[in-house]
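Single-letter residue listing:
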Amino acid sequence: MRHAHGGDLRRLAMAAGVTPERLLDFSASINPLGLSPAVEAAITEALPAVIHYPDPEAAALREALASYHGLSPEQVLPANGSTELIYLLTRALAPGRSLILHPAFSEYEAALELAGARLEHELLDEDHGFVPELPRLLPRLAGQDLVVLANPNNPAGSLIPKPTLLALAEAAHEAGATLVVDEAFIDFVEEASLKKELAHFPRLVLLRSLTKCFALPGLRVGYALASAELVARLSRWKGPWSVNALAGAAGIAALADREYQERFRLLVPRWREEFQGGLQRFGQLRVFPAVANYLLARLLDPGLSAPVLKARLLRERIAIRDCTSFRGLGPAFIRLAVRRPEEQALLLEALERCL
Ligand SMILES: Cc1ncc(COP(=O)(O)O)c(C=O)c1O
């Protein structure tokens, strides 16, 4: 299904018969700490600037991102969320054969279809922890123009071990394919990023986002990290001003806010583990190990489907992500965002009634 996403509050609230503010949203995986006060202050301070055009290339944000990641500004391309870059990449590179590892963010398939790519799909196996299996996958890379995978995987929450990832990058490189690694949630496990490997792989693109880990989905700040040559090629396809003045200021403040980063790296894993324990106690869910701020679960009762559970929980004013639309999953799977302990307790109470 095209454009199927969590966090569609207007539609969810309509289905629940309440206003969006009254919904407890577990369907979008946004940092439960919410907006950092430093970012809020930066947005307020930047407000008078909206009467001017922002910098067409968001140069200040680009420099801040480069210094944050230890790369050169020529290796960074800021954009209006990483979704802008997904569409831009597929237009700029116009790949023929393209392979997507699933489950995957639905916009890859949508963008590649629009760009006329010949799509192939690799389904990651639940019993293999939703991690790529090299003996099966490596032979599929030959002849591909583009390969897409996410690390951590969304919605599975799995992390690809570095040696597996490097073997894939090597094989994609040898095949002459562009490898897109979606790192939208990697800030929770920054050391797992492939950013330090960019120097070895000129056709590697990392897609990053401030949406998830900095709780900024409404501002739209994403960026690509790649070789200077690839960034220059992609830049030619990007219109000016796609990072607006408030988004640029917020992005710079978010990167500088080390205290917020330390807090979420400490608290989110703790809250996730508590949540996982609480969910498992029902004995009716298989909850998969995860490294980010969401959990994928399989409903073990064959008589209960994700759409039915979602509808029951909506009557309790709680939204969850029904994973039916994800290729390779289906109606037995749900995804739940990690939220604050008191909010998780409300969901667990509601599940007691709904499962
Ligand atoms: C894996 C993945 N990549 C990219 C995105 C898009 O993020 P952005 O808000 O930066 O466009 C999402 C959003 O749900 C996602 O789950």
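Residues numbered from 1 in each chain as written. Predicted model: local features only at pLDDT ≥ 70, side-chain atom pairs only at ≥ 80, totals over all residues.

### Regarding the environment of Leu 207
We apply this condition: Numbering of helices and strands runs from the N terminus, with a helix taken as a DSSP run of H or I at least four residues long and a strand as a DSSP run of E at least two residues long. Here the contact rule is simple: place C-beta atoms from the backbone, and any two residues whose C-beta atoms are within 7 Å are in contact.
Inspection of the secondary structure puts Leu 207 in strand S7 (residues 204-209). In this view, Leu 207 contacts Ser 82, Leu 85, Ile 86, Val 180, Asp 182, Glu 183, Ala 184, Gly 222 and Ala 224; residues no more than four positions away in its chain are not counted.

### Description of the site of the ligand
Quick note on the threshold: Using the backbone to place each C-beta atom, any residue with that atom within 6 Å of a molecule or strand is considered near it. Each residue is assigned to one of three groups, with Ala, Val, Leu, Ile, Met, Phe, Trp, Tyr, Cys and Pro labelled nonpolar, Asp, Glu, Lys and Arg labelled charged, and all others, Gly among them, labelled polar.
Near the ligand lie 13 residues; those nearest to it are Gly 81, Ser 82, Thr 83, Ser 209 and Thr 211. Looking at the shell around the ligand element by element, the count peaks at three residues for helix H4 (residues 81-93). Residues belonging to the shell around the ligand are distributed by class as follows: four nonpolar, eight polar and one charged.

### Looking at the sheet that holds strand S13 (residues 333-337)
Hydrogen bonds between backbone atoms are what pair the strands of a sheet, whose relative direction is either parallel or antiparallel. Selection rule: Paired strands, as defined in this entry, are two strands with at least two bridges between them according to DSSP.
Spatially, the four strands line up as an open sheet ordered S9-S10-S13-S12, and their pairing is antiparallel. The open sheet is flanked by strand S9 (285-287) and strand S12 (321-322), the only strands paired with a single partner. As paired elements, strand S10 (residues 294-299) and S13 share five bridges and run antiparallel to each other. The residue of S13 that forms the bridge with Tyr 294 is Ala 337.

### Digging into the domain arrangement of the protein
Rule in force here: Annotation comment: domain bounds sourced from an automatic or database domain assignment.
Looking at the protein, the domain boundaries give domain 1 (9-35 + 259-354) and domain 2 (37-256). Here domain 1 and domain 2 have C-alpha centroids that lie 25 Å from each other. Across the boundary between the two partners, domain 1 contributes 27 residues, which contact 24 residues of domain 2. Counting only elements with at least two residues in the side of domain 1 that touches domain 2, the list comes to helix H10 (258-280) and S10. Ranked by residue count, the leading element in the side of domain 1 that touches domain 2 is H10, at four residues. Residues that form the side of domain 1 that touches domain 2 fall into these classes: 17 nonpolar, six polar and four charged.

### Some words on the nonpolar core
Going by this rule: The term nonpolar core refers to a group of buried residues, namely Ala, Val, Leu, Ile, Met, Phe, Trp, Tyr and Cys, whose C-beta atoms join them within 7 Å. Any residue whose C-beta has 12 or fewer other C-beta atoms within 10 Å is treated as exposed, any with 20 or more as buried, and any in between as partly exposed, C-beta atoms being built from the backbone.
If you look at the biggest cluster of nonpolar residues, it comprises 107 residues, and the most contacted ones within it are Val 147, Ala 224 and Ala 250. With eight residues, the single largest contributor to this core is helix H9 (residues 245-256). Looking at which domains feed residues into this core, each of domain 1 (9-35 + 259-354) and domain 2 (37-256) gives three or more.

### Re the pairing of strand S3 (residues 97-102)
The following threshold applies: Throughout, right-handed denotes a crossover for which the path from the first strand over the helix to the second runs clockwise when the strands point away from the viewer.
The buried fraction of S3 is high, at five of six residues. Between the parallel pair S3 and strand S4 (residues 118-123), the chain is carried across by helix H5 (residues 106-114), and the sense of this crossover is right-handed.

### A few points about the sheet that holds S7
In plain terms, the rule: Whenever a helix is involved, its axis is fitted only over the stretch in contact; in every case the axis is a line through C-alpha atoms, and angles between N-to-C directions fall within 0 to 180 degrees.
Pairing in this open sheet of seven strands is mixed, and the strands run S2-S8-S7-S6-S5-S3-S4 from one edge to the other. What marks the edges here is a single partner per strand, and that holds for strand S2 (76-79) and S4. Neighbouring strand axes in the sheet, compared pairwise and without regard to direction, differ in orientation by 20° on average. The pairing of strand S6 (residues 178-182) with S7 spans four bridges and is classified as parallel. Residue pairing for S7: Asp 182 is matched across the bridge by Leu 207.

### Looking at the packing of helix H2 (residues 37-46) against H9
Selection criterion: Crossing handedness is defined as follows: a turn of the near helix away from the far one that is anticlockwise and smaller than a right angle gives a left-handed crossing, while the clockwise case is right-handed.
Where H2 meets H9, the axes come as close as 8 Å, and the angle between the chain directions of the two elements is 145°. Here H2 and H9 pass one another in a crossing that is right-handed. Side by side, H2 and H9 meet where Ala 38, Val 39, Ala 42, Ile 43, Glu 45 and Ala 46 of the first sit next to Ala 245, Leu 246, Ala 249, Ala 250, Ala 253 and Ala 254 of the second. Across the contact of H2 with H9, the residue classes tally to eleven nonpolar, no polar and one charged.

### Observations concerning the pairing of S6
Burial analysis of S6 places five of its five residues in the buried class, which makes it a mostly covered element. Where burial is concerned, the two faces of S6 agree: the one with Thr 178, Val 180 and Asp 182 and the one with Leu 179 and Val 181 are both buried. Across five bridges, the pairing between strand S5 (residues 146-150) and S6 is parallel. When the sheet's bridge partners are listed, Val 148 is paired in S6 with Val 180.

### Re the packing of H4 against H5
What counts here: Every angle not falling under 35 degrees, over 145, or within 65 to 115 is termed oblique; those three ranges are roughly parallel, roughly antiparallel and roughly perpendicular.
At a minimum axis distance of 9 Å, the contact between H4 and H5 shows a crossing angle of 30°. By the angle between their directions, the pair H4 and H5 is classed as roughly parallel. The crossing of H4 and H5 is right-handed. Seen from H4, the contacting residues are Thr 83, Ile 86, Tyr 87 and Thr 90; seen from H5, they are Glu 107, Tyr 108, Ala 111 and Leu 112. Considered class by class, the residues forming the contact of H4 with H5 number five nonpolar, two polar and one charged.

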